[in-house]
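Geometric and topological summary
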Amino acid sequence: MVNKSTSGSSYKVKSPMAITIFAHLLFIAITTLVLVWLLHFREGFAFTSTNKPKIFNIHPLLMVIGFVLIAGEAIMAYTTTPTSRKNHKLFHMILHLIALLVGIIGVYAVFKYHDESGIPHMYTFHSWIGLSTIILFGLQWLLSFLTFLFPGARTSTRSKVAPWHALIGITIFFMAIVAAETGLVQKFIFLGLTRNQEGLIVNFIGLLILLFGISVGVTILV
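Under an unreviewed UniProt entry, the protein chain has the name Cytochrome b561 domain-containing protein and belongs to Datura stramonium. In its Subcellular location (unreviewed entry) section, UniProt records this for the protein chain: "Membrane". As its UniProt record puts it under Cofactor (unreviewed entry), the protein chain is described as follows: "heme b".

Printed below as a string of structure tokens:
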């Protein structure tokens, strides 16, 4: 058992604003690198094209910027937005909904790419963890809406569910981080990248995503 009187002083973050600012800067850096990678090195993106990789490119764009970064911002909403608890909760849920919808479109894009390119579905660990993550994400959002925003939910029920909501939520978020990292490694190998400029950009995207995930995790300790 952890002694509550000592755990608070041991893990209390002394400058939460510095951590959140760092996370926001990582958000900007990751978004910039992903756009440079896909627009400059991978010919951009499109939902319909004879150049099939353009369809695939929608997948990393939406899964990283939408599903990982916006979901991370949703988790940090309680420490970055100066407003009431009720507005915090609403902002948190809206950002998660945006992340979910963007993630669904990203998954649709990669399935569309596989169909049109004659590539089998769901044969890598990345695809397994990625699809599992978005399904759990959707279930978590629906149950959270019914528990915390739906008018009929009891206060006692909300109090009991809240710790589990936080634990499951951060677990799903780090599953999304794992999915992003494995996806980048998989793409790095499939493209045959080495120590060239594109390879460095892909590696730096992975490194910054890891740092972003750690930053989001640290804000929960505030």
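A few words now on the environment of threonine 32. With respect to the helices and strands, threonine 32 occurs in helix H2 (residues 16-41). Residues threonine 32 and histidine 165, spaced 133 residues apart in sequence, show a C-alpha to C-alpha distance of 32 Å.

Attention shifts here to the confidence of the model for the protein chain. Residues of the protein chain with pLDDT of at least 70 account for 91%, and the chain-wide mean is 89. Here helix H1 (residues 4-11) stands out as the element of the protein chain with the lowest mean pLDDT, 44, in contrast to helix H7 (residues 197-220), whose mean of 96 is the highest. Contacts from residues 1-11, a stretch scored under 50 in pLDDT, to residues over four places away or in other chains number two contacts.

Contact geometry of helix H6 (residues 155-190) with H7 gives a least axis separation of 10 Å together with a crossing angle of 170°. If you check the angle between H6 and H7, you find them roughly antiparallel. Classifying every residue of the contact of H6 with H7 gives 15 nonpolar, five polar and one charged.

About the thresholds
Residues numbered from 1 in each chain as written. Predicted model: local features only at pLDDT ≥ 70, side-chain atom pairs only at ≥ 80, totals over all residues. Heavy atoms only, no water. UniProt positions renumbered as here; feature names shortened; annotations may be inferred. Helix = DSSP H or I, 4+ residues; strand = E, 2+ residues; numbered from the N terminus. pLDDT = per-residue confidence, 0-100. Contact = heavy atoms within 4.5 Å. Axes fitted to C-alpha atoms, helices over the stretch in contact; angles between N-to-C directions. Parallel < 35°, antiparallel > 145°, perpendicular 65-115°, else oblique. Nonpolar A, V, L, I, M, F, W, Y, C, P; charged D, E, K, R; others polar.

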